[in-house]
Amino acid sequence: MPPLQLTRRSLLAGALGLGAATALSGCVANNGPQPSTAAPGSKADIGEVEGTLRFAFWGGSDGENSGFARAKVGFEKRHPKATIELQTLPYDGFFSGIDRGILSRTAPDVFRVDYTSIGKYTSHGVLLDMTPYLSATEAKGFLPALYDAVRFEGRTYGVPHQTDTSAIAFSREALDEAGIGAVPDRLEDAWTWEEFSDVSTKLRKTLPDDKYPFAYDWTAAGAYRWASFLYQAGGSLLTEDLRHSAVDGDPAREAMAFTQRFFDEKWVPANNTIKTTVYSDNFFLNQTVAMTFIGDFLVPELADGANGYQGGEWATTYMPRDRAAASDLGGNAIVATRDTENPELAAAFLKFLVEEDQMRDFCQLANELPTLQTLADQTLDYAVRPDVMGVFTQQATTITETAVRETVVPGFASINTALQDQLELAFHGRGTEQAVRAIDAAVDRAVSA
């Protein structure tokens, strides 16, 4: 049986009613102005809460699991009459289960959602409106772009819990053998596309035929990360009003021509494709590549003494840049369902998770990046390889407002699927012009659906 699709029609007919259907007829995220003061009827001062709350999240790293377990203990200590039931589920099928639960009104009270998926929930009116529960000070405490990621049509539907982004992990030995000395250790010194090409060419000449300069992290649901190169070239996926594709232009042609070289010049393994089952970290772990694009959440995996990278010293450096530096928006928000029986308990738990001490603790355990402005300005004591995490922290500053707005549109899942299909073809024989036009048409269909 195929997974249940959370469509506009099924949700509006089954859960929201015709009135909501009219109100939510638009498919475009319009985040609107942030509230500047606590509106009349504000519920920001929640006080003591009680009851049982089910919180569902996918099983990630040991650090993430420990972080949520510690949050449960801390929240229950503060609110002795409250109980948080943690439900750890596999990522595969996670949102299909959430969708079925929403339709049947059996969904968990609170669940984790990645920014690439949040748009379909905020735009369908199935989440608890957190606007009354957040004071103006609390709202302004988040990094603006990430706070914008949990908002729709001027309302707030969750809290941005953490973020992550891509950078490059590299083998020091492999680069030394290729005669590549200093590696950028400041964001402003990141390799240009031309410099990155020179590095890749040197590695290609010194590596054996069955080894490659690098692997990219655009596999499967990560296909949208290709857009980082589009942003670096000065382009965007969507028009300013987020209603149509903006891919068909010179920046996309430059980004496509550059990334097609990855295969043409054998800088990446032939099976480092969009629809492969081998991810970028696996290529690095089995020492098939000298460098790899990874998210910061994979640092603990690479650093694991028994099963991590066994090729000697490794470190990190920044994404390459063209007209500008740019990277992808990763990470997750925490949201509550509109039908939760205890909205104040759910709101209190969400607010607790993004308190400064709680967020610091979670991010340090999980090797992930905070969303609070106060923490973004601090050096965190990461549990694993804090020496390499500074690169990701700086790289995250290149996540553009455009990238955030485009990533959280309601139809982004369809856009990402379109990118998966079209990029796979683009790297298997399509010319640059044909590839760009095909992506443009597919993205336009996806965002207009």
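Above: the structure in question.
Remember, predicted model here, so these are calculated numbers, not experimental data. Starting from 1, residues in each chain are numbered consecutively following that chain's sequence as written. Two thresholds apply to this predicted model, a pLDDT of at least 70 for residue-level local features and 80 or more for giving and counting side-chain atom pairs, whereas whole-chain, interface and lining totals are computed over all residues. Heavy atoms throughout the structure, all of them, feed into the side-chain values; hydrogens and water do not.

A. Region of interest: the overall build of the protein chain. Each helix is a run of H or I in the DSSP string that is no shorter than four residues. Each strand is a run of E no shorter than two, and both are numbered from the N terminus. When helices and strands are counted, the protein chain shows 19 helices and eleven strands. Here the radius of gyration uses the C-alpha set of atoms, whereas the globule reference equals 2.2 Å times the residue count to the power 0.38. Relative to the compact-globule value of 22 Å for 449 residues, the protein chain shows a C-alpha radius of gyration of 22 Å, a close match. With respect to the three principal axes, the spread of C-alpha positions in the protein chain is 65 × 45 × 45 Å. Exposure classes here rest on a 1.4 Å probe applied to the protein chains alone. A residue is buried below 20% of its type maximum, exposed above 50%, and partly exposed in between. Counting every position in the protein chain, which comprises 449 residues, the buried fraction comes to 55%. The contact criterion used throughout is that any non-hydrogen atoms of two residues lie within 4.5 Å. Sequence separation of 24 or more characterises 77% of the internal contacts of the protein chain that already satisfy a separation of 6 or more. As displayed, the protein chain has an accessible area near 18300 Å², and 49% of this comes from carbon and sulfur atoms. Charge assignment: positive for Lys and Arg, negative for Asp and Glu; neither His nor the chain ends contribute. For the purpose of locating charges, the reference atoms are NZ of Lys, CZ of Arg, CG of Asp and CD of Glu. Taking the 38 positively charged and 60 negatively charged side chains of the protein chain as two groups, their mean positions are separated by 5 Å. Using a 1.4 Å probe, accessible areas were evaluated by the Shrake-Rupley method; residue-level cover was limited to the displayed protein chains.

B. Geometry of the side chain of threonine 407. In this structure, threonine 407 sits in helix α17 (residues 401-407). Definition of a polar contact: a pair of N or O atoms within 3.5 Å, with one able to donate and the other able to accept a hydrogen when the atoms are protein atoms, and with sequence-neighbouring residues admitted only if both atoms are side-chain atoms. Looking at threonine 407, its side chain comes within polar contact range of the main-chain oxygen of alanine 403, at 2.6 Å.

C. Representation of the sheet that holds strand β6 (residues 159-164) within the structure. Pairing between two strands requires that DSSP report at least two bridges joining them. Across the sheet, which stays open at both edges, the five strands sit in the order β2-β1-β3-β11-β6 with mixed pairing between neighbours. Each end of this open sheet is capped by a strand with a single partner; those strands are β2 (82-89) and β6. Strand-to-strand twist of the sheet, defined as the mean angle between neighbouring strand axes without regard to direction, takes the value 20 degrees. In the sheet, strand β1 (residues 51-58) pairs with β2 via eight bridges, with the strands oriented parallel. Each residue of the ladder has a partner; that of leucine 53, found in β2, is isoleucine 84. Helix α14 (residues 356-366) contacts β3 (110-114) and β6 of the sheet and is inclined by roughly 30 degrees relative to β6. Lines fitted to C-alpha atoms define the axes here, with helix axes fitted over just the stretch in contact, and angles between the N-to-C directions of these axes take values from 0 to 180 degrees.

D. Inspection of the packing of helix α10 (residues 250-264) against helix α19 (residues 432-448) at higher detail. In the contact formed by α10 and α19, the axes pass within 9 Å of each other and the chain directions differ by 120 degrees. Classified by the interaxial angle, the pair formed by α10 and α19 is oblique. Handedness of the α10/α19 crossing: right-handed. Contact residues: Ala252, Arg253, Met256, Ala257 and Gln260 in α10; Thr432, Glu433, Ala435, Val436, Arg437 and Ile439 in α19. Considering only residue class, the contact of α10 with α19 consists of six nonpolar, two polar and three charged. Throughout this description, any angle smaller than 35 degrees is read as roughly parallel, any larger than 145 degrees as roughly antiparallel, any in the 65 to 115 degree range as roughly perpendicular, and the remainder as oblique. In this scheme the crossing of two helices becomes right-handed for a clockwise turn of the near helix relative to the far one and left-handed for an anticlockwise turn of less than a right angle. When residues are sorted by character, Ala, Val, Leu, Ile, Met, Phe, Trp, Tyr, Cys and Pro go into the nonpolar class, Asp, Glu, Lys and Arg into the charged class, and all the rest, Gly among them, into the polar class.

E. Representation of empty space enclosed by the protein. Using a grid of 1 Å spacing that covers the protein atoms alone, one calls a set of points a cavity when a 1.4 Å probe fits there but cannot get out, and a pocket when the set is open and has protein on both sides within 12 Å along at least five of seven lines; lining residues are those with an atom within 4 Å of a point. Grid points are joined across faces, edges and corners, and a volume is the space filled by probe spheres set on the points. All told, the structure shown has three cavities of 30 Å³ or more when counted by the stated rule. Contributions of two or more residues to the lining of the largest cavity are made by α9 (227-232) and α17. Ranked by residue count, the leading element in the lining of the largest cavity is α9, at three residues. By residue class, the composition of the lining of the largest cavity is seven nonpolar, three polar and one charged. Volume-wise, the second largest cavity comes out at about 40 Å³.

F. Structural context of unusual backbone geometry. Unlike most non-glycine residues, alanine 220 shows phi in positive territory, near 50 degrees. Of note, alanine 220 is situated in the loop between β8 (212-215) and α9. Despite not being glycine, arginine 385 has its phi angle at roughly 45 degrees, a positive value. Residue position: arginine 385 is located in the loop between α15 (373-376) and α16 (386-395). With relative accessibility at 23%, the residue arginine 385 sits in the partly exposed group.

G. Region of interest: the sheet that holds β8. The strand order across the open sheet formed by four strands is β8-β9-β7-β10, and the pairing between neighbours is mixed. Looking at which strands have only one partner, the edges of the open sheet turn out to be β8 and β10 (314-317). Strand-to-strand, the axes of this sheet are offset by a mean angle of 25 degrees, without reference to chain direction. As judged from the four bridges shared by strand β7 (residues 166-171) and β10, these two strands associate in the antiparallel manner. Residue pairing across strands places serine 171 opposite tryptophan 314, the latter belonging to β10. Its contacts with the sheet place α16 against β7, β9 (289-295) and β10, and it is angled at close to 15 degrees to β10.

H. Seen up close, the side chain of threonine 273. When you line up the elements, threonine 273 lands in the loop between α10 and α11 (280-285). At 3.3 Å, the side chain of threonine 273 forms a polar contact with the backbone nitrogen of threonine 276.

Spatial relationships are all this shows, so hold off on functional conclusions.
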